[in-house]
Amino acid sequence: MEAAANISLVGLSITSLCLYLVQIKRPDCKNNKETNSVESQTKLVSLQRIYLPAHLLALFSDWLQGPYVFQLYKHHGHGDKEIAVMFLAGYLSSCVFGSLTGPLADKYGRKLLGQVFCIICGLSCLTKISPDFYVLLFGRFLSGVSTSCLYSVFESWYVSEHKSQDLPAASISSTLSLITTANSLLAITAGLFADFLVQGLSLGPLAPFMVAIPCLASGLIIISLTWTEN
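Model, not experiment: these values are computed from the prediction.

A. The nonpolar core, seen in detail. Of all hydrophobic cores here, the largest spans 46 residues; its most connected members are Tyr51, Phe117, Phe154, Tyr158 and Trp227. Contributing elements (two or more residues each) for this core: α3 (38-65), α4 (69-75), α5 (80-108), α6 (110-127), α7 (133-150), α8 (153-164), α9 (170-200) and α10 (207-226). Looking at this core, the element that brings in the most residues is α3, giving nine residues. Setting aside its immediate chain neighbours within four residues, Phe117 contacts Ala58, Ser61, Ser146, Cys149, Leu150, Phe154 and Leu216.

Pasting the structure below:
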């Protein structure tokens, strides 16, 4: 039953990807003149090459952690009430810090906040090693903060950089559409991969969090070496 479900998810993912690729190949006559100049396309592709890998790695690392959070807390011996408190801490920290992400990005820079996301999310993964309730609670707080950065800083950096390079405004939507589509596929892929690590390889519920750390480190390197501050 589980194998059939996984095969169905893979099939649906491939179908969705094919439909998306067919859709983006259709020319848009209205914006064709604006977006298809050689110079604009070259600059757009160069920008996407430094933006997409960093953002997709960040999203993949986030999705890796989702399926086994509850099971990991159970694995460490915590009861439902303690787990509820930890989840509540994550939601509250995301809610509070979410309102501050924009002003902080404007003041200190979106590149810096992207780097902060990678570091904080990595630290959150490391806290999962400890069975101590307060260490895990702190990790859940960090997770809420990193989530606020993930779903605001990366896209705002791209839009700002896109405009600063005087690229056609119409091509912003195509890049963000690509991220949205890829994010859905990454969610499925990360879930299946996390399940493979825990169930298939019997590595335990901590494994997806440890695998997320190299993804975050790679994203941090890309951001640090290729992104400009804006």
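Further notes follow.
B. Spatial organisation of the packing of aromatic side chains. Tallied over the entire structure, the rule returns nine aromatic pairs. Summarising the aromatic geometry, the rings of Tyr51 and Trp157 are spaced 6.4 Å apart at their centres and angled 20 degrees between planes, so their arrangement reads as stacked. On the criterion of sequence distance, the pair formed by Tyr51 in helix α3 and Trp157 in helix α8 is long-range, its members being 106 residues apart. The burial state of Tyr51 is the same as that of Trp157; both residues are buried. With a centroid separation of 5.2 Å and an interplanar angle of 80 degrees, the aromatic rings of Phe133 and Tyr134 are classed as edge-to-face. Taken together, the ring pairs connect Tyr51, Phe117, Phe154, Trp157, Tyr158 and Trp227 into an aromatic cluster.

C. Region of interest: a nonpolar patch on the surface. Together, Ile119, Leu123, Leu126 and Ile129 make up an exposed nonpolar region whose accessible area comes to about 350 Å². Mapped onto the fold, Ile129 is located in the loop between α6 and α7.

D. A look at the environment of Gln41. Position of Gln41 relative to the elements: it lies in helix α3. In the structure, Gln41 is positioned 126 residues away from Leu167 in sequence and 8.7 Å away in space, judged by C-alpha atoms.

Thresholds applied
Residues numbered from 1 in each chain as written. Predicted model: local features only at pLDDT ≥ 70, side-chain atom pairs only at ≥ 80, totals over all residues. Heavy atoms only, no water. Core = buried A, V, L, I, M, F, W, Y, C linked by side-chain atoms within 4.5 Å. Buried < 20%, exposed > 50% of the residue type's maximum accessible area, 1.4 Å probe, protein only. Helix = DSSP H or I, 4+ residues; strand = E, 2+ residues; numbered from the N terminus. Contact = heavy atoms within 4.5 Å. Phe/Tyr/Trp six-rings, centres within 6.5 Å; stacked < 30°, edge-to-face > 60°. Patch = residues over 30% accessible without salt bridge, like charges linked within 9 Å, V, L, I, M, F, W, Y side chains within 5 Å. Areas by Shrake-Rupley, 256 points an atom, 1.4 Å probe, with all protein chains shown as cover. Salt bridge = Lys/Arg side-chain N within 4 Å of Asp/Glu carboxyl O.

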